[in-house]
Amino acid sequence: MTDDIRNIVLGVVAAGVSASLGWLARTYLWRRRLRRKQAFFGLPGNSECLLVVNREAGGDGAVHRHDVFALLELSALIKDCGAHAEIVQHDTARQGFGERTEFCVGGPASNRRMAAHLASLLPGVKVNTEPEPKADRGAFQIGSERYRAEPGVAEYVLLARLTAGEGERPVFLFSGQRAITNQAASRYLARHHEKLARKYGGNAFCLLLKVVNSHAYGPDVVELVADVTRAAREPVPVVHTSHRAKD
């Protein structure tokens, strides 16, 4: 074997070894990223989860198109984890939580299960579900702070990851002042789940997001207002008044 042929063979072998090592490294990193993603969402391979949908205001079982888009965003995340989703209407999801990961979409005015989750898991959050006065419709009260919607200009949505019940699977809440804010929150989660996983790990969190100028930018421009986990999980103090009988 001449030196030239020997050099060619050694070059081919070195290239093959380098390619194999690169493939193994990429596979290892991909699997590690996948395991972290599955752990954050509570979605190991071939597991089951719930997508709880609301109804469009005034509709007969219809789902607002922006909420449909939110479900599509979440479905892509679920598929990436190798899990499977069951879609259920908010008023038929009569089961506990913790056994399966749940993604609950829609505000408490249109989603009974969301109303139940807020009352039991985030007692420090109050949402005005009354139609009047119009300026306060959908307003959030979180601790001592109040957040009113300016439709199309500035609207708010809660994005929460919570754990409760006998199991360890999380519940994700997307509770916005309008349907487009639910889509914005699901898109925010899809884009930032790695950052959130690094920051919170398996701990619960509740974030207040602001959707800016949705008339012009749709659900794409989202600002993180604050981490309101502590205020949202602390029950609002009840003020008791006493009435002394007249003599």
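Scroll up to find the structure this text is about.
Residues numbered from 1 in each chain as written. Predicted model: local features only at pLDDT ≥ 70, side-chain atom pairs only at ≥ 80, totals over all residues. Heavy atoms only, no water.

Caption draft 1: Expanded view of the side chain of His 90. With respect to the helices, strands and loops of the structure, His 90 is situated in the loop between strand 2 (84-89) and strand 3 (101-105). A relative accessible area of 6% places His 90 in the buried class. At a separation of 2.9 Å, a polar atom in the side chain of His 90 contacts the main-chain amide nitrogen of Arg 112. Beyond its immediate chain neighbours, meaning those up to four positions away, His 90 contacts Val 52, Val 53, Asn 54, Arg 55, Ser 110, Asn 111, Arg 112 and Arg 113. (Helix = DSSP H or I, 4+ residues; strand = E, 2+ residues; numbered from the N terminus. Buried < 20%, exposed > 50% of the residue type's maximum accessible area, 1.4 Å probe, protein only. Polar contact = N/O pair within 3.5 Å; in protein donor to acceptor, adjacent residues only side chain to side chain. Contact = heavy atoms within 4.5 Å.)

Caption draft 2: Here's a closer look at the sheet that holds strand 8 (residues 171-176). One open sheet accounts for seven strands, arranged 2-1-3-8-7-9-10; its pairing is mixed. Strand pairing shows two members of the sheet lacking a second neighbour, strand 2 and strand 10 (222-227), which therefore form its edges. Adjacent strand axes in the sheet meet at a mean angle of 20° when their direction is disregarded. Inspection of the sheet shows strand 3 paired to strand 8 by four bridges, in the parallel sense. Following the sheet pairing, Phe 103 is matched in strand 8 by Phe 172. (Pairing = 2+ DSSP bridges. Axes fitted to C-alpha atoms, helices over the stretch in contact; angles between N-to-C directions.)

Caption draft 3: Representation of the packing of aromatic side chains within the structure. Per the stated rule, a full pass over the model turns up eight aromatic pairs. Judged by centre distance (5.0 Å) and plane angle (80°), the rings of Phe 40 and Phe 41 are edge-to-face. Taking the centre distance of 6.3 Å and the plane angle of 45° together, the rings of Phe 41 and Phe 103 count as tilted. Of this pair, Phe 41 sits in helix 1 (residues 3-41) while Phe 103 is found in strand 3, placing the two residues 62 residues apart along the sequence. Take Phe 41: its relative accessible area is 0%, and that puts it in the buried class. Among the residues examined, Phe 103 registers a relative accessible area of 0% and is labelled buried. Among the aromatic residues, those joined into a cluster by ring pairs are Phe 40, Phe 41, Phe 103, Phe 172, Tyr 200 and Phe 205. Lying across the ring of Phe 40, Arg 161 places its NZ or CZ 5.3 Å from the centre. (Phe/Tyr/Trp six-rings, centres within 6.5 Å; stacked < 30°, edge-to-face > 60°. Lys NZ or Arg CZ within 6 Å of the ring centre and 35° of its normal.)

Caption draft 4: Summary view of the packing of helix 2 (residues 65-80) against helix 4 (residues 179-200). The interhelical angle for the contact between helix 2 and helix 4, taken along N-to-C directions, is 15°, at an axis separation of 7 Å. In terms of orientation, helix 2 lies roughly parallel with respect to helix 4. Considering the relative orientation of helix 2 and helix 4, their crossing is left-handed. Two secondary-structure elements touch here, helix 2 through His 66, Asp 67, Phe 69, Ala 70, Glu 73, Leu 74 and Leu 77 and helix 4 through Ala 179, Ile 180, Asn 182, Gln 183, Ser 186, Arg 187, Leu 189, Ala 190 and His 193. Looking at the contact of helix 2 with helix 4, its residues break down into eight nonpolar, five polar and three charged. (Parallel < 35°, antiparallel > 145°, perpendicular 65-115°, else oblique. Left-handed = near helix turned anticlockwise from the far one by under 90°. Nonpolar A, V, L, I, M, F, W, Y, C, P; charged D, E, K, R; others polar.)

Caption draft 5: Representation of the nonpolar core. One finds Phe 41, Leu 43, Leu 74, Phe 103, Phe 174 and Leu 189 to be the most contacted residues of the largest nonpolar core, which totals 29 residues. Sorting the residues of this core by element identifies helix 1, strand 1 (48-53), helix 2, strand 3, strand 7 (154-162), strand 8, helix 4 and strand 9 (205-212) as the ones contributing at least two each. Here this core gets six residues from one element, more than from any other, and that element is helix 4. Those residues in contact with Leu 43 that sit more than four places away from it in its chain are Gln 38, Cys 49, Ile 78, Cys 81, Ala 83, Thr 101 and Phe 103. (Core = buried A, V, L, I, M, F, W, Y, C linked by side-chain atoms within 4.5 Å.)

Caption draft 6: Quick look at unusual backbone geometry. Backbone geometry places Asn 46, a non-glycine residue, at a positive phi of 65°. Here Asn 46 shows up in the loop between helix 1 and strand 1. The phi angle at Asn 213 is positive, at roughly 50°, despite the residue not being glycine. Within the secondary structure, Asn 213 sits in the loop between strand 9 and helix 5 (214-217). Its relative accessible area of 28% is what places Asn 213 among the partly exposed residues.

Caption draft 7: The pattern of salt bridges, seen in detail. Taken as a whole, this structure holds 10 salt bridges when the rule is applied. The partner of Glu 73 in a salt bridge is Arg 187, with the nearest N and O atoms 2.8 Å apart. Of this pair, Glu 73 sits in helix 2 while Arg 187 is found in helix 4, placing the two residues 114 residues apart along the sequence. Close ionic contact of Arg 191 with Asp 220 constitutes a salt bridge, the shortest N to O distance being 3.6 Å. Of this pair, Arg 191 sits in helix 4 while Asp 220 sits in the loop between helix 5 and strand 10; the two residues are 29 residues apart in sequence, bridging distant segments of the chain. A residue is classified by how much of its surface remains accessible, and Arg 191, at 53% relative accessible area, is exposed. (Salt bridge = Lys/Arg side-chain N within 4 Å of Asp/Glu carboxyl O.)

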